Amino acid sequence: MYTQSFSVPDEGDKQAALKTVPKPQSAAEAELQKRFDERIDADGRIEPRDWMPEAYRKTLVRQISQHAHSEIVGMLPEGNWISRAPSLKRKAILIAKVQDEGGHGLYLYSAAETLGTSRDQMLDGLHSGKAKYSSIFNYPTLSWADMGVIGWLVDGAAIMNQIPLCRCSYGPYARAMVRVCKEESFHQRQGYEALLVMMKGSQAQREMVQDAVNRYWWKCLAMFGPPDADSPNSAQGTRWGIKRISNDDLRQKFVDATVPQAEVLGVSLPDPDLKWNEARGHYDYGAIDWDEFWQVVNGHGPMNRERLATRVKAHDDGAWVRDAAVAHADKQKQRALKSAA
Ligand SMILES: [Fe+2]
Ligand SMILES: [Fe+2]
């Protein structure tokens, strides 16, 4: 799962996000900056030990930490349904998917650590409510069909967002994305397949699927972030090779790919303005409710409090596991020292 992070500053970071990137302070720094720019222009990768402008580092830490948090919080709405999955097969698939999302969060925390921000710092940001995560997880999951729709649409949107990140200029982030994208593809397919089965079932099942699509469609379009005109950080992100495709272009790709899938499935998408535009060669779609999006991003969605409380409780409940792991590692270190002596 991915977030609209790039355009959304964390709490208290709003001013910083809009500042322009500072000019180099010295001739030595100007030289380093020049080499950095040349590597970016040549489509090369920046690695953890390379010099990088502070603003580039900060932007990446914010984006990667928000992305990681979205993977971790994204486990919660689906984790809720593991015990209620309708069959052993669906339960096994859902467990595997939720476990994948946990893995995505861990790769990403590791990628952010290479930029000098510790996992503890990032988790503090999440648990204190300062750091953002994807607004899509602050809605309730009301029926089993929500599991299918999250896979199809939410993971589908995530793939659109994450494929260009495989070519991101920061090496560890780009490499993490390669595996993440393969797993997201499985997530999207399992969701779509679960919905196909439900659509061949009873009238009540078909209505359940349509209801879930109605509730999630617009929220998924908002996942790509504010329109390009309202995304002041995007141009710099593009310059740095972090952002390869604009929010609006990604959203359009998602709409164009999803409409035919909805037709095969036999559901309607809840947008009277949705229609093929022959001249543009794309689907037109209606206006997104950005007021609602900002409400939810800023902590006032239906599930913000509950998600955060559940996450903090899980972290607190897991303290003994972390303590035991540290004690075990210490013991092994002592043993190794003894046998080396
Ligand atoms: Fe994921
Ligand atoms: Fe996923």
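It should be emphasised that the depicted structure is a prediction, and the values quoted were computed from it without experimental measurement.

Peer 1: Can you help me understand the coordination of the iron ion (ligand 2) in this one?
Peer 2: Reference geometry at the metal: tetrahedral coordination by four donors gives ideal angles of 109.5 degrees; octahedral coordination by six donors gives 90 or 180 degrees. Around the iron ion (ligand 2), the protein contributes the donor atoms Glu101 (OE), Asp155 (OD), Glu184 (OE) and His187 (ND1), at 2.0 to 2.2 Å from the metal centre. Bound by four donor atoms, the iron ion (ligand 2) shows angles of 87 to 162° at the metal and therefore irregular coordination geometry.

Peer 1: Would you explain the pattern of salt bridges in this entry?
Peer 2: Pairs can form between side chains of opposite charge whenever their charged atoms are close. The tally for this structure, following the rule as stated, stands at 19 salt bridges. Between Arg57 and Glu54 there is a salt bridge, with the nearest N and O atoms lying 3.6 Å from each other. Of the two residues, Arg57 and Glu54 are both situated in helix 3 (residues 54–73); the distance of three residues between them amounts to about one turn of the helix. Judged by relative accessible area, Glu54 falls into the exposed class, the value being 51%. Asp155 is the salt-bridge partner of Lys97, the closest N and O atoms lying 3.0 Å from each other.

Peer 1: I tried to follow the nonpolar core on my own but got confused; where do I start?
Peer 2: One finds Tyr56, Leu60, Ile64, Trp152, Tyr170 and Tyr173 to be the most contacted residues of the largest nonpolar core, which totals 75 residues. Beyond its immediate stretch of four places on either side in the chain, Tyr170 contacts Arg45, Ile46, Glu47, Pro48, Met52, Tyr56, Leu60, Ile64, Ala111, Thr114 and Leu115.

Peer 1: Mind showing me how you'd approach the packing of helix 9 (residues 203–222) against helix 11 (residues 247–265) here?
Peer 2: In a pair of packed helices, the angle between the axes and the distance between the axes together describe the arrangement. The interhelical angle for the contact between helix 9 and helix 11, taken along N-to-C directions, is 145°, at an axis separation of 9 Å. Contact with helix 9, carried on its side by Trp217, Cys220, Leu221 and Ala222, involves Arg251, Phe254, Val255 and Thr258 of helix 11 and no other residues of that element. Taken together, the residues that form the contact of helix 9 with helix 11 break down as six nonpolar, one polar and one charged.

Peer 1: How should I be thinking about helix 12 (residues 290–300) in this particular structure?
Peer 2: Where helix 12 is concerned, the buried positions are Trp290, Phe293, Val296 and Val297. The buried residues of helix 12 occupy one face: seen down the axis, they fall within an arc of 125°. Residues Asp291 and His300 are exposed on helix 12 and point more than 90 degrees away from its buried face. Each element contacted by the buried residues of helix 12 is listed here: helix 9, helix 11 and helix 13 (304–317). For helix 12, the N-terminal cap is Asp289; the gap from its side-chain oxygen to the backbone nitrogen of Asp291 is 3.1 Å.

Peer 1: Teacher, can you tell me more about the packing of aromatic side chains here?
Peer 2: In this description, an aromatic ring pair is defined by two values, namely the gap between the centres and the angle between the planes. Overall, the coordinates contain ten aromatic pairs when judged by the stated rule. Taking the centre distance of 6.2 Å and the plane angle of 85° together, the rings of Phe36 and Trp51 count as edge-to-face. Taken together, the residues Phe36 in helix 2 (residues 27–41) and Trp51 in the loop between helix 2 and helix 3 connect sequence positions 15 residues apart. For Phe36, a relative accessible area of 3% puts it in the buried group. Assessed through its relative accessible area of 28%, Trp51 is described here as partly exposed. Ring geometry for Trp217 versus Phe254: centroids 5.9 Å apart, planes at 20°, classification stacked. Here Trp217 is found in helix 9, whereas its partner Phe254 is found in helix 11, with 37 residues between them in sequence.

Peer 1: Would you take a moment to explain the packing of helix 3 against helix 8 (residues 171–199) for this structure?
Peer 2: Where helix 3 contacts helix 8, the axes come no closer than 13 Å and their chain directions differ by 25°. Between helix 3 and helix 8, the angle falls in the class roughly parallel. As for how helix 3 packs across helix 8, the hand of that crossing is left-handed. Contact with helix 3, carried on its side by Leu60, Gln63, Ile64, His67 and Glu71, involves Tyr173, Met177, Val180 and Glu184 of helix 8 and no other residues of that element.

Scoring rules and cut-offs
- Counting starts from 1 at the beginning of each chain's written sequence and moves along it residue by residue.
- All chains are assigned letters beginning with A, and all ligands numbers beginning with 1, in the order in which they are written.
- Side-chain atom pairs in this predicted model are given and counted only at pLDDT of 80 or more, local residue features only at pLDDT of at least 70, and totals for whole chains, interfaces and linings cover all residues.
- The side-chain quantities take in all heavy atoms of the structure and omit both hydrogens and water.
- In this analysis a donor is any N, O or S atom within 2.8 Å of a metal ion (3.2 Å for sodium, potassium and calcium), and since water is not included, sites may seem incomplete.
- Geometry is assigned from donor-metal-donor angles: four donors are tetrahedral when every angle falls between 85 and 135 degrees, four are square planar and six octahedral when opposite donors sit over 155 degrees apart with all other angles between 65 and 115, and any other arrangement is irregular.
- Here a salt bridge means any side-chain nitrogen of Lys or Arg lying within 4 Å of a carboxyl oxygen belonging to Asp or Glu.
- A run of H or I in DSSP becomes a helix once it reaches four residues, and a run of E becomes a strand once it reaches two; helices and strands are each numbered from the N terminus.
- Each residue gets one of three labels from its accessible area relative to the maximum for its type: buried under 20%, exposed over 50%, partly exposed in between, using a 1.4 Å probe on protein chains only.
- We call a set of buried residues a nonpolar core when its members are Ala, Val, Leu, Ile, Met, Phe, Trp, Tyr or Cys and they connect through side-chain atoms within 4.5 Å of each other.
- We call two residues in contact when some of their heavy atoms are within 4.5 Å.
- Axis definition: a line fitted to C-alpha atoms, over the contacting stretch in the case of helices. Angles run 0 to 180 degrees between N-to-C directions.
- Each residue gets one label: Ala, Val, Leu, Ile, Met, Phe, Trp, Tyr, Cys and Pro are nonpolar, Asp, Glu, Lys and Arg are charged, and the others, such as Gly, are polar.
- Here the arc refers to the directions that run from the helix axis out to each C-beta atom.
- A 3.5 Å cut-off defines polar contacts: any pair of N or O atoms within that distance qualifies, except that in protein one atom must be a possible hydrogen donor and the other a possible acceptor, and neighbouring residues in sequence count only when both atoms are side-chain atoms.
- Only rings of Phe, Tyr and Trp enter the pairing, Trp through its six-membered ring, and a pair is recorded when the two centres are within 6.5 Å. The plane angle decides the type: under 30 degrees is stacked, over 60 is edge-to-face, the rest tilted.
- Geometric relationships in this document are graded by angle, where less than 35 degrees denotes roughly parallel, more than 145 denotes roughly antiparallel, 65 to 115 denotes roughly perpendicular, and other angles denote oblique.
- Two helices crossing with the near one rotated counterclockwise from the far one by less than a right angle form a left-handed crossing, whereas a clockwise rotation gives a right-handed crossing.

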